[in-house]
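Residues per chain are reported as follows:
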Amino acid sequence: MPRPTDIGVIDLMMGIPKGPGDDSWRRFLGTQLRDQESRETYRFPAEYMFKGLPDQRFSADGARAVLLEMDRWGVERGMITVSFDDELAVAALKAHPDRFLGAFPVDPNAGMEGVRALRRAVEELGVVAASAMPSGLNPPVPINDKRFYPLYAACIDLDIPIFVCAGVPGPRIPFAAQEVALIDEVCWFFPELRFVTRHGCEPWVDLAVKLLLKWPNLYYSTSAFAPRYYPKQILDFANTRGADKVLYAGYFPMGLSLERIFTELDDLPLHEHVWEKFLRTNALRVLGRGAA
């Protein structure tokens, strides 16, 4: 079934560029980066995988550049990372609340300060989700580590989902904290938590499908993958028992252009009844926004 073009797409992973020369990702990953390319020459943490970075990534007016592409490709709203020290993202969220949704990056190493920061972000910034990259934290924190538990509980109390990178990370850092098997314990212990995976779950996609089928509160988003590389197991799952569990997320302008994403989406073999769920309604439901 061809992709419908009259759906207001909800993109669950976008970003607001900080302009030419931005290396905030390198500061975030910090001492975990050991190889020379990552530490000195890369413009992007996984540049060996993403060769043609979008021009908008280096725009001096990031919010405008992103909005123009959203309008061009029918993206109604995009979820961006918003933290208190990211003035550009905060400004974009405040200026365009009808176009951007905020996700707050949590740090389980911060203990209760991190929990309070998440609560403040919901109250003061209006974010609608938490996010985490377990392998990228300093030090890394496994998905099922007790340091994450207060944040998972806070997400339940705040009625927001958490988006967590799972599988081997793109940056050249260890993957152990993001093993997909660790999700099983979290979904068991927190059945009320809406847990959404990011970045593919490779090479444990078969296990991810098993867990998606097992746990009602677990979801999969397609972030950081060009559609031609979506795992076949995920497409098969979306077309069968997983139509309500797979959510569209891009990677613009971090590593993929919307032009490439939507051009390749046109060739995706999704069934007719799956498209709107994948591109819109699953996201709204997981974010607690019904089907508006």
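See the structure shown above.
The text that follows walks through the structure, step by step, so that each part is easy to find. (Residues numbered from 1 in each chain as written. Predicted model: local features only at pLDDT ≥ 70, side-chain atom pairs only at ≥ 80, totals over all residues. Heavy atoms only, no water.)

**A few points about the packing of aromatic side chains**
Given two aromatic rings, one states the distance between the centres and the angle between the planes to describe the pair.
Right, on to step 1. As enumerated under the stated definition, the model contains 18 aromatic pairs in all.
Right, on to step 2. With a centroid separation of 6.1 Å and 55° between ring planes, the pair formed by Tyr 149 and Tyr 152 is classed as tilted. Taken together, the residues span about one helical turn, with Tyr 149 and Tyr 152 both in helix 6 (residues 149-158) at a distance of 3 residues.
Right, on to step 3. Relative to Phe 190, the ring of Tyr 149 has its centre 4.9 Å away and its plane inclined at 70°; by these criteria the two rings are edge-to-face. A residue pair is termed long-range when its members are at least 10 positions apart, and Tyr 149 in helix 6 and Phe 190 in the loop between helix 7 (183-189) and strand 6 (195-198) qualify at 41 residues. For the pair Tyr 149 and Phe 190, one class covers both residues: buried.
Right, on to step 4. The ring of Phe 84 has Arg 120 lying over it, and the distance from NZ or CZ to the ring centre is 4.1 Å.
Right, on to step 5. The side chain of Lys 245 reaches across the aromatic face of Tyr 219, ending 5.5 Å from its centre. (Phe/Tyr/Trp six-rings, centres within 6.5 Å; stacked < 30°, edge-to-face > 60°. Helix = DSSP H or I, 4+ residues; strand = E, 2+ residues; numbered from the N terminus. Buried < 20%, exposed > 50% of the residue type's maximum accessible area, 1.4 Å probe, protein only. Lys NZ or Arg CZ within 6 Å of the ring centre and 35° of its normal.)

**A few points about the pattern of salt bridges**
Right, on to step 1. What the rule picks out here adds up to 18 salt bridges.
Right, on to step 2. Linking Asp 86 and Lys 18 is a salt bridge whose minimum nitrogen-to-oxygen distance equals 3.1 Å. Taken together, the residues Asp 86 in the loop between strand 2 (75-81) and helix 4 (87-95) and Lys 18 in the loop between strand 1 (9-14) and helix 1 (24-29) connect sequence positions 68 residues apart.
Right, on to step 3. Across the salt bridge formed by Arg 228 and Glu 264, the nearest N and O atoms sit 3.0 Å from each other. Here Arg 228, found in the loop between strand 7 (218-221) and helix 9 (232-238), pairs with Glu 264, found in helix 10 (residues 258-265); they are 36 residues apart in sequence, far enough to count as distant.
Right, on to step 4. Of the residues examined, Glu 264 reaches a relative accessible area of 9% and is grouped as buried.
Right, on to step 5. Taken together, the salt bridges that share partners define one network made up of Asp 35, Glu 37 and Arg 172. (Salt bridge = Lys/Arg side-chain N within 4 Å of Asp/Glu carboxyl O.)

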